[in-house]
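Coordinate inspection notes
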Amino acid sequence: MTTSSTPGLTRFNTLPAEEAATVLHEVCASTAWGSSVLAHRPYGGPEALFSASDAAMAELTTEDLAEAMAGHPPIGRPKPGDPTSSREQRGMAGASEELKAEMLELNLAYQERFGHVFLICATGATGEQMRDAVKARIGNSPEQEREIVRAELGKINRIRLTRLAEDA
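Source: prediction; values computed, not measured.

This next bit is on the packing of helix α3 (residues 31-39) against helix α4 (residues 46-58). Running from N to C, α3 and α4 point in directions that differ by 145°, and their axes come no closer than 9 Å. In this structure, the crossing between α3 and α4 has a hand that is right-handed. In contact with Trp33, Ser36 and Val37 of α3, α4 contributes Leu49, Ala52, Ser53, Ala56 and Met57. Classifying every residue of the contact of α3 with α4 by side-chain character gives six nonpolar, two polar and no charged.

Averaged over every residue, the pLDDT of the protein is 90; residues scoring 70 or more account for 93%. When mean pLDDT is compared element by element in the protein, α3 scores highest at 97, while helix α6 (residues 83-88) scores lowest at 70.

As a further point, take the side chain of Ser53. On the secondary structure map, Ser53 appears in helix α4. Excluding anything up to four places from it in sequence, Ser53 contacts Trp33, Val37, Asn157 and Leu161.

A few words on the nonpolar core. If you look at the biggest cluster of nonpolar residues, it comprises 43 residues, and the most contacted ones within it are Phe12, Trp33, Leu49, Ile75, Met130 and Leu153. Within the residue set of this core, elements represented by two or more residues are α1 (7-14), α2 (17-27), α3, α4, α5 (62-69), α8 (97-114), α9 (127-137) and α10 (142-166). When residues of this core are assigned to their parent elements, the largest contribution, six residues, is made by α10. Those residues in contact with Ile75 that sit more than four places away from it in its chain are Gln89, Met92, Met103, Asn107, Phe118, Ile120, Ala122 and Met130.

Time to look at the packing of aromatic side chains. According to the stated counting rule, one finds two aromatic pairs in the structure shown. Seen in terms of ring centroids, Tyr110 and Phe114 are 4.7 Å apart; in terms of plane orientation they differ by 45°. Their pairing is tilted. In this pair, Tyr110 and Phe114 are both assigned in helix α8, four residues apart and thus about one turn of the helix distant. Note on Tyr110: relative accessible area 0%, which makes it buried. Ring geometry for Tyr110 and Phe118: centres 5.2 Å apart, planes at 80°, overall edge-to-face. Feature note: the residues Tyr110, Phe114 and Phe118 constitute an aromatic cluster, connected by ring pairs. When the ring centre of Phe12 is taken as reference, the NZ or CZ atom of Arg41 above it lies at 5.5 Å.

Summarising the element assignment, Met57 is placed in helix α4. With a relative accessible area of 4%, Met57 lands in the buried category. When neighbours within four sequence positions are excluded, Met57 is seen to be in contact with Cys28, Trp33, Leu65, Arg150, Leu153, Gly154 and Asn157.

Rules of the game
- Residues numbered from 1 in each chain as written.
- Predicted model: local features only at pLDDT ≥ 70, side-chain atom pairs only at ≥ 80, totals over all residues.
- Heavy atoms only, no water.
- Axes fitted to C-alpha atoms, helices over the stretch in contact; angles between N-to-C directions.
- Helix = DSSP H or I, 4+ residues; strand = E, 2+ residues; numbered from the N terminus.
- Left-handed = near helix turned anticlockwise from the far one by under 90°.
- Contact = heavy atoms within 4.5 Å.
- Nonpolar A, V, L, I, M, F, W, Y, C, P; charged D, E, K, R; others polar.
- pLDDT = per-residue confidence, 0-100.
- Core = buried A, V, L, I, M, F, W, Y, C linked by side-chain atoms within 4.5 Å.
- Buried < 20%, exposed > 50% of the residue type's maximum accessible area, 1.4 Å probe, protein only.
- Phe/Tyr/Trp six-rings, centres within 6.5 Å; stacked < 30°, edge-to-face > 60°.
- Lys NZ or Arg CZ within 6 Å of the ring centre and 35° of its normal.

This is the structure:
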């Protein structure tokens, strides 16, 4: 078997389990997801890490998904002092005050309907695209929305794991 490890992945593979768990918690707040990904170390390359992440995401229960979502701030309101949150929500940074106010209203309506924040892989999306997504998704059934959230979390995790694997 050939490996194509990266500096960040090599470092992650060799971290003590407790430190690696902390790193994974910064990627995804689900304890079950983190435990599953941690259990498959060491990873020979980023694709193996992504596959483990995808498999762990597919196994998350409704409660696990809720735990994962709790680690994400509402769109348009990144966590103060959190560079990851700010970077991922960059598309809302330059939005008009009107759009920001509309997103706040939509976030609240979504949260009232589903009981959790509107979650979308916001990296590279404009404020308008995020607004249109929440408008399109607010009419979904809770079951449909849960699977969309699972897919969006998977995308976010891949972006964050890519950064983890590449960081020297």
